[in-house]
Each structure stands twice: as C-alpha cells, then as structure tokens.
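Examining the three-dimensional arrangement
For reference, the chains in residue letters:
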Amino acid sequence: MSNEEIKAQSNFLRGTIAQSIEAGGSHFDEHDIQLLKFHGTYQQEDRDERAARRAEGREKAFQFMVRSRIPGGALRAEQYLVHDELATRWGKGTVRFTTRQGIQLHGVLKGDLRPVIRAINEALLSTLAACGDVNRNVMACPAPLPGTVREEIADLANRLALHLSPRTKAYHELWIDGEPVETGAREDTEPLYGATYLPRKFKIAIAPEGDNCVDVYTNDIGLVAHRGGSGVAAYTVLIGGGLGSTHGKSETYPRLATPLCTVEPAEAIELCETIVAVQRDYGDRTNRKHARMKYVVEERGIDWFRAEVEARLGRCLQPPRAVQFHDLNDHLGWHRQSDGAWFFGIHVPSGRVKDSEGIRLQTALREAARRFGVGFRITPQQNVLLTGIADDRRSGVEKFLNAFGVETDTRALGLKRYALACPAIPTCGLAVAEAERALPSLIAALHGALEEFALQGEPLSVRMTGCPNGCARPRMGDIGIVGRSLGVYDIFVGGDAANTRLNTLFAKAVKFDQIVPVLRPAIERWKNERIGSESFGDFWSRVCETAAVTA
C-alpha cells in the first residue's frame with residue numbers, strides 16, 4: 001500500500017496504533033510506522049546490534065526516536081528538565097538538539113511511548129507534526145537580542161506553528177487521553193490538509209535580514225524580516241528550497257528558495273497557508289522522492305506559482321524586496337538581551353547533550369536549569385543559548401560551566417565551532433554511512449591539514465551526513481561530506497558564510513580515511529591562490545565558476 005493510501009485509510013492518522021500499543025510487542029506494522037511520524041516518533045533499530053541478533057535468531061533491536069516540536073527553539077528551564085529526565089528514565093540517556101531547533105530522545109521502547117509523549121505535553125510542548133507530511137517545526141532566529149524584530153519573529157513562529165498544525169483529535173486520543181479508538185465515522189476534519197495531508201514534509205524558517213542562522217534558503221518557505229521603525233516592517237517571502245536528493249536519481253536535487261513577494265506582517269500567516277495549499281494540490285503524490293514543493297516551483301516556474309497564489313488570495317502580490325545577508329551568526333558567547341539581561345551561547349558537538357570524559361555537559365545544563373532557572377534556546381547549529389542571566393550572575397555562570405569542563409572560550413573551539421552532523425548510524429534507518437560518530441576524527445585530521453599550511457585559525461564550516469537527505473545541510477557548507485555507502489562519501493566544496501550558495505561536487509565516492517588526503521591539495525591551492533582573506537568556500541566557488549565559464 002502506498003503512503004497516500006495509508007493516509008487516506010488512516011481515519012485521520014489513527015490507523016491501528018492504539019490496538020498495536022494495547023497488544024504489546026516491540027514494534028508496529030509498516031502502515032502504522034508511516035502514521036507514527038505525524039505524531040512525532042520514528043520506529044528505528046539499533047543497527048549496532050543487528051549482526052549479533054541475527055546470528056542468535058532474535059528480532060531486531062526495535063526502538064523509537066521521539067521528537068518535540070519547539071517553534072524557534074525556545075523553552076523554559078522546567079521544559080528542558082522534563083526532556084532530560086525522560087532521556088534518563090526511558091531513553092538512551094542523552095538529549096539531542098536538532099538542526100531544526102527541536103529535541104530528540106533516542107532509544108525509547110514501544111511500551112514507553114505513551115508516558116513519554118504525555119509527559120512532553122504536560123510540559124506544555126508537543127510532538128504533533130514534528131515529523132510527517134505536514135508543516136514541521138517552524139524555525140526562527142533564537143537570539144533574544146535588543147530590539148523588537150526578533151521578538152516579533154518568535155511570535156510569528158509560534159502563531160504559524162499553531163495555525164498550520166493538524167486538527168485531528170487522534171493525537172490526544174492516542175497519547176494524552178488514552179481513550180480507545182472508535183470504529184465508526186469520525187467528526188474530524190482537516191480544513192487545510194484534507195484526509196491525505198501533504199505529499200511530503202513542509203518546512204518554514206524566519207530570519208532577520210542580515211543574519212541567516214536559520215539557513216532560510218533551504219526551506220519550503222523562508223520569511224526574511226525587514227526592519228522598519230522599532231519592529232518588522234515587512235517580510236520578503238522565499239519559496240521552494242530543500243536539500244534532499246537521492247543518489248542516482250537525476251529527478252531529485254537540492255535547490256535554494258526563490259524570492260516570491262513581499263508581504264505586510266499581518267498578511268504573513270494567510271500567505272503561508274495559501275502556499276501550503278498550492279503544494280497540497282500540485283505536489284507529486286506518485287513519487288515521494290519527487291514530492292517536495294521545490295520541484296513544483298522549479299518545474300512550473302515562479303511566475304506560475306505566483307499567479308496561482310494570487311488567484312487564491314484574490315489580490316496581487318507585491319514584488320519581493322532585495323535581501324542582504326552578511327553572516328551566519330551562531331550566537332555563541334555572551335550577548336546582551338532586549339530586556340537588559342544576558343544570554344550565553346554554548347557549543348554542543350553535533351547537538352548531543354551527554355556527559356563524557358572531561359566534559360559533563362549534560363550534568364552542567366541540568367544543574368544550570370535547576371540552580372539558575374535559565375531559559376533555553378536551541379539554535380539551528382545544534383547549540384544552546386542559556387537566557388535570562390542577570391549581570392551579577394555572569395561570572396558565576398561561566399565558572400559553574402567551566403567546573404563541568406564545558407568550553408566557554410569560543411576561540412578554543414577551532415573547526416568544531418562550525419561543524420554539523422546528523423545522527424546517521426546506528427539509529428537512522430536512512431543512513432548508509434556514519435556521520436555523528438565519524439565527525440570528531442574527521443575534524444581532528446582536517447585540523448592537522450590546516451595547521452600544515454598555517455590556516456588553523458580560519459573559519460571553515462564542515463557539514464556531514466550519512467545519506468543525501470540533507471538533515472545537517474551539507475550542501476551549504478564550505479565543505480560538505482555526504483554518505484554514499486558504508487565508509488564512502490561524496491565531497492562538496494564552495495558554500496558561503498552567509499548560507500546563500502550551494503556548494504558543488506569536488507570528489508565522488510571517497511573512502512573515509514582518504515577524505516582529508518583528497519582535500520589537502522585543495523587546501524594548499526586555497527592557501528597559495530586566494531585573494532586577500534578569501535574563505536575556502538568563496539575561493540572554490542570562484543575557481544569552479546571560472547572553470548565552468550572557460551569550459
């Protein structure tokens with residue numbers, strides 16, 4: 001049965017999930033697996049145990065990833081503590097911050113899904129629509145910097161997330177109320193999504209002009225806030241971004257969003273809903289690999305898309321304003337907030353919050369929440385901002401973090417500062433290669449190559465994924481490493497610091513231990529031929545463009 005048939009026959013995302021939970025066991029059937037995503041959980045297996053279990057004749061080590069939807073990545077201390085407790089009690093013990101500003105708990109067992117999801121909701125958060133063929137977590141710049149622009153962006157992210165959330169009662173029946181599913185017709189309606197929801201996932205991000213920390217061009221809808229007076233004067237709307245592709249499938253490709261129009265702040269939600277409706281009606285429902293909105297925009301054209309939106313709105317759209325981005329600010333270190341307090345940005349390697357030898361990050365964040373009552377803001381770089389720190393507590397907070405081995409000097413981070421990786425093996429079923437577990441040794445080897453040419457102080461973004469679906473946005477980095485098969489990767493180069501340019505293929509099917517040797521001549525050439533302080537990505541973008549023109 002196809003995904004479209006599963007959705008159509010699911011009784012608004014119920015399927016037989018409730019019956020399967022009551023029946024016990026370790027896993028769900030193939031139909032319910034697809035529906036569980038809408039509820040914020042993926043069925044996975046621990047692939048590290050696969051061979052041993054197969055040899056012993058045992059079933060796979062089934063487990064579940066539970067993802068919380070957190071618009072703009074903002075949560076209170078007590079909400080973070082709930083996730084930390086759930087990870088310790090029912091998960092694998094670690095919390096993971098995602099590149100879309102959510103939180104993932106790994107290793108949850110089937111029988112524990114209901115208490116975990118219920119506890120998240122009792123903390124006034126939700127897992128509904130954190131996954132699935134709907135609009136997912138709405139991203140927004142997490143930094144509470146002075147001025148009202150970012151406050152308005154955060155407010156819009158929350159309102160958009162609520163407005164575009166599925167209306168089905170199934171979520172509360174299954175996970176919160178625990179009521180048995182009735183067999184008759186339901187009163188549910190989905191005024192926006194309908195019974196088959198969207199053809200594929202849908203992503204929205206909001207950025208203040210100048211700071212592209214959310215990678216706004218990689219989303220189905222990107223809203224760029226223009227400052228006017230004391231707040232947001234208008235939003236330029238970008239559409240059709242997305243980085244996922246499939247090896248060997250030429251009809252799939254990464255694409256950056258295209259400017260569509262500019263809207264007043266009061267019109268933003270209506271416009272976004274209309275764009276979602278166009279994707280609902282025209283997205284490819286026959287081929288899920290070709291189902292994202294980027295293909296509708298690319299193949300039908302931006303003019304067609306604009307005309308379709310205007311027809312549905314009953315008015316003309318204003319031309320898009322020019323957008324300027326000068327940087328990707330990761331917001332690490334100390335910064336003054338709009339309310340006069342301070343926030344402190346902490347680097348979290350690959351978003352994995354855990355205690356390890358010498359660095360007790362998980363304990364530090366737990367105790368910071370308990371002792372100081374700080375707010376938490378998850379960043380698109382998988383880091384965390386501790387907010388609401390008074391002047392007289394700054395030095396105490398920093399000493400407190402240092403006591404747990406947490407690095408508070410951003411200069412000491414080196415290449416780690418701008419490195420991202422997806423979880424990949426052993427938990428992600430789509431991964432064909434390592435990423436999170438392989439990144440530290442890759443960064444160490446790459447640092448050695450930079451030292452050889454006295455370039456170790458240069459900012460360089462490295463993004464690594466275990467497959468081409470793009471969760472860590474590898475096609476936007478100075479260097480992108482994309483898994484092709486076990487231990488084999490494609491290398492891309494040429495992204496820019498502001499995240500406005502795709503990188504290009506540099507080397508194909510490279511074994512892991514050869515990645516740095518393959519990149520070494522490229523680093524040497526950058527050292528010898530760059531213009532001024534030209535970055536690695538800018539240099540290789542210029543070189544590749546020149547080569548293409550010459551060819």
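Residues numbered from 1 in each chain as written. Predicted model: local features only at pLDDT ≥ 70, side-chain atom pairs only at ≥ 80, totals over all residues. Heavy atoms only, no water.

Once that is clear, we can look at the packing of helix α6 (residues 113-122) against helix α8 (residues 170-177). Running from N to C, α6 and α8 cross one another at 105°; their axes reach a closest spacing of 8 Å. It follows from the interaxial angle that α6 and α8 lie roughly perpendicular. On α8, the residues that touch Leu113, Arg114, Ile117, Arg118 and Asn121 of α6 are Tyr171, Leu174, Trp175 and Ile176. For the contact of α6 with α8, the residue count by class is six nonpolar, one polar and two charged. (Axes fitted to C-alpha atoms, helices over the stretch in contact; angles between N-to-C directions. Helix = DSSP H or I, 4+ residues; strand = E, 2+ residues; numbered from the N terminus. Parallel < 35°, antiparallel > 145°, perpendicular 65-115°, else oblique. Contact = heavy atoms within 4.5 Å. Nonpolar A, V, L, I, M, F, W, Y, C, P; charged D, E, K, R; others polar.)

Okay, the packing of aromatic side chains next. Tallied over the full model, the rule gives 17 aromatic pairs. The interplanar angle of 85° and the centroid separation of 5.3 Å between the aromatic rings of phenylalanine 372 and phenylalanine 400 together place this pair among those described as edge-to-face. In this pair, phenylalanine 372 sits in helix α12 (residues 361-372) while phenylalanine 400 sits in helix α13 (residues 394-403), placing the two residues 28 residues apart along the sequence. Given the relative accessible area of 8%, phenylalanine 400 is considered buried. Considering the side-chain rings of phenylalanine 400 and phenylalanine 404, the 5.0 Å spacing of their centres and the 65° angle between planes classify their relative orientation as edge-to-face. When sorted by exposure, phenylalanine 400 lands in the same class as phenylalanine 404, which is buried. An aromatic cluster of three or more residues is present, and its members are Phe38, Tyr193 and Tyr197. In this arrangement the basic side chain of arginine 300 is found over the ring face of tryptophan 304, its NZ or CZ atom lying 4.7 Å from the centre. When the ring centre of tryptophan 334 is taken as reference, the NZ or CZ atom of arginine 394 above it lies at 4.6 Å. (Phe/Tyr/Trp six-rings, centres within 6.5 Å; stacked < 30°, edge-to-face > 60°. Buried < 20%, exposed > 50% of the residue type's maximum accessible area, 1.4 Å probe, protein only. Lys NZ or Arg CZ within 6 Å of the ring centre and 35° of its normal.)

On to the sheet that holds strand β14 (residues 342-346), then. What the five strands build is an open sheet, ordered β3-β18-β19-β14-β13; its pairing is antiparallel. Edge strands, defined here as strands with exactly one partner in the open sheet, are β3 (74-75) and β13 (333-336). Relative to strand β18 (residues 375-378), β3 runs antiparallel, the two being bridged by two bridges. Its bridge partner being in β18, leucine 75 is matched across the sheet by phenylalanine 376. Contacts between α12 and the sheet are confined to β14, β18 and β19 (384-389), with β19 contributing the most and set at about 25° to the helix. (Pairing = 2+ DSSP bridges.)

All right, on to the sheet that holds strand β1 (residues 41-45) then. One open sheet accounts for five strands, arranged β1-β2-β5-β4-β15; its pairing is antiparallel. At either end of the open sheet lies a strand with only one pairing partner, and these are β1 and β15 (352-353). Relative to strand β2 (residues 62-68), β1 runs antiparallel, the two sharing five bridges. Bridge pairing in β2 links threonine 41 to valine 66. Sheet contacts for helix α5 (residues 77-90): β2, β4 (95-97), β5 (103-108) and β15; angle to β5, the most-contacted strand, approximately 15°.

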